[in-house]
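Geometric and topological summary
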Amino acid sequence: AWMFAGNLVFTAAHWGMLAALTKLTTEAVSGQYGIGLSLSTPVFMFAGLDLRLLLVTDRQRRHHFSDYLTLRLLCGGLGLVAVFALGLAWGYGAGTLAVIMAVAFGKLVELISDTYYGKLQTGERLDAVSQSMIFHGVASGAGFVSWLLLTGNVFGASIAYVLSRFAVLLLYDRPESKKLADDAESSVEARSQPERLWALTKTGAPLSVKTLLVALNTHVARYFVAAKFGLAGLGVFF
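Source: prediction; values computed, not measured.

1. Quick look at the overall build of the protein
From N to C terminus, the protein includes 8 helices and 0 strands. Secondary structure elements of the protein, listed N to C terminal, follow the sequence α-α-α-α-α-α-α-α. Scaling as 2.2 N^0.38, a compact globule of 238 residues should have a C-alpha radius of gyration of about 18 Å, and the protein matches this with 18 Å. Taken along the three principal axes of its C-alpha coordinates, the protein extends 50 × 35 × 25 Å. Residue pairs at least 24 apart in sequence account for 80% of intrachain contacts in the protein once pairs closer than 6 positions are excluded.

2. As for the nonpolar core
By size, the foremost hydrophobic cluster in this structure holds 34 residues, and its most contacted members are Ile35, Phe44, Leu51, Leu71 and Val83. Those elements that provide at least two residues to this core are α2 (27–47), α3 (51–57), α4 (65–89), α5 (94–122), α7 (154–178) and α8 (194–237). Ranked by the residues each element gives to this core, the list is headed by α5, at 8 residues. Look past the residues within four positions of phenylalanine 44 in its chain and what remains in contact with it is Gly76, Gly79, Leu80, Val83, Ala104, Lys107, Leu108 and Leu111. With 12 residues, the next largest nonpolar core counts Tyr33, Val99, Phe144 and Val154 among its residues.

3. Observations concerning the packing of aromatic side chains
Per the counting criterion, the structure on display carries 4 aromatic pairs. A ring pair is formed by phenylalanine 65 and tyrosine 116, whose centres lie 5.7 Å apart and whose planes are at 40 degrees; its orientation type is tilted. Placement of phenylalanine 65 in helix α4 and of tyrosine 116 in helix α5 is noted, with a sequence separation of 51 residues between them. The exposure class assigned to phenylalanine 65 is buried, which follows from its relative accessible area of 3%.

4. Quick word on a nonpolar patch on the surface
Together, Phe46, Val209 and Leu213 make up a nonpolar patch on the protein surface, roughly 270 Å² of accessible area in all. Relative to the assigned elements, valine 209 resides in helix α8. Judged by its relative accessible area of 42%, valine 209 falls in the partly exposed class.

5. Topic: helix α6 (residues 126–151)
Its 26 residues give α6 an end-to-end C-alpha distance of 37 Å, which sits within 8% of 38 Å, the value for a rise of 1.5 Å per residue. With its phi angle positive at about 70 degrees, glycine 152 sits one or two positions after the end of α6.

6. Quick notes on the confidence of the model for the protein
For the protein, the mean per-residue pLDDT works out to 90, and 95% of the residues sit at or above 70. Low pLDDT, under 50, characterises residues 183–188; the stretch is placed with 16 contacts to residues that sit more than four places away or in other chains.

7. A short note on the environment of glycine 95
When you line up the elements, glycine 95 lands in helix α5. With 30 residues separating them along the chain, glycine 95 and phenylalanine 65 place their C-alpha atoms 38 Å apart.

8. Observations regarding the packing of α5 against α6
One can describe the packing of α5 onto α6 by two numbers: an axis separation of 8 Å at closest approach and a directional angle of 155 degrees. Between α5 and α6, the angle is such that the two are roughly antiparallel. You can see that α5 and α6 cross each other, and the crossing is right-handed. Residue-level inspection shows Ser113, Tyr117, Leu120 and Gln121 of α5 in contact with α6, the latter providing Leu126, Ala128, Val129, Ser132, Met133 and His136. Of the residues contributing to the contact of α5 with α6, the split by class is 6 nonpolar, 4 polar and no charged.

9. Some words on α5
The terminal C-alpha atoms of α5 lie 43 Å apart, and with 29 residues this matches the ideal 42 Å at 1.5 Å per residue to within 8%. Burial analysis of α5 places 22 of its 29 residues in the buried class, the great majority of the element. Taken from the residues just after α5, glutamate 124 is the one with a positive phi, measuring 55 degrees.

10. Concerning the pattern of salt bridges
Overall, the coordinates contain 10 salt bridges when judged by the stated rule. Taking the shortest distance from any N to any O, the salt bridge between aspartate 114 and arginine 52 comes out at 3.2 Å. Of the two residues, aspartate 114 sits in helix α5 while arginine 52 sits in helix α3, which places them 62 residues apart along the sequence. Looking at aspartate 114, the relative accessible area reads 22%, which means it is partly exposed. For arginine 62, the salt bridge is made with aspartate 58, and the minimal N-O distance between the two is 3.7 Å. Here the salt bridges share partners, and the residues they tie into one network are Arg125, Asp127, Glu176 and Lys179.

About the criteria used
- Residues numbered from 1 in each chain as written.
- Predicted model: local features only at pLDDT ≥ 70, side-chain atom pairs only at ≥ 80, totals over all residues.
- Heavy atoms only, no water.
- Helix = DSSP H or I, 4+ residues; strand = E, 2+ residues; numbered from the N terminus.
- Rg over C-alpha atoms; globule rule 2.2 N^0.38 Å.
- Contact = heavy atoms within 4.5 Å.
- Core = buried A, V, L, I, M, F, W, Y, C linked by side-chain atoms within 4.5 Å.
- Buried < 20%, exposed > 50% of the residue type's maximum accessible area, 1.4 Å probe, protein only.
- Phe/Tyr/Trp six-rings, centres within 6.5 Å; stacked < 30°, edge-to-face > 60°.
- Patch = residues over 30% accessible without salt bridge, like charges linked within 9 Å, V, L, I, M, F, W, Y side chains within 5 Å.
- Areas by Shrake-Rupley, 256 points an atom, 1.4 Å probe, with all protein chains shown as cover.
- Salt bridge = Lys/Arg side-chain N within 4 Å of Asp/Glu carboxyl O.
- Expected span 1.5 Å × (residues − 1).
- pLDDT = per-residue confidence, 0-100.
- Axes fitted to C-alpha atoms, helices over the stretch in contact; angles between N-to-C directions.
- Parallel < 35°, antiparallel > 145°, perpendicular 65-115°, else oblique.
- Left-handed = near helix turned anticlockwise from the far one by under 90°.
- Nonpolar A, V, L, I, M, F, W, Y, C, P; charged D, E, K, R; others polar.

What follows is the structure in structure tokens.
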């Protein structure tokens, strides 16, 4: 019941963001945000290595939570570099590239929160996961839409989205996860060793390919639309 409520509110908040984007901006601006999502989502799904699934199913506790969190942070940093490189390679200007990177930072925050969700799930705290989703949805949706209403600037709205989600991460996700940390091995701090990170990477790599293909199934059509009809055309399709 908690997860149903969390997913409902979170999805409704993102629907409201997209509705506001289409109503308050031009098709080209909507396209900027759309290409940001289409570049960032597959990259960060791949970079995530499906670590939440590995964390939840690691019943023998072969890896500490710090391994998962550290690897997520490292892969997330590489994801930012990859998104920036793709934006440059596809020839987008500074304005569009700024929006793309703002969206990418939002995806990074989502990736970190998802790691804490894995920690909470292992402690059977799906109520906390759901509450976090509700807080993230309401805070980020309100920040994004409010900025659009005030300025009509999608870059600023994307930054407001990132800051709202980061605030929930610091004020709720991390503190709730720390309540489950009762010894050094289950610490929620990002401390780990290279050999454990490499072993975890090898385990998650095949799963990351699967998630990448799932993401591309949705976004590859948007790449063709953007290439043929430009960002305005993507804004209509998006």
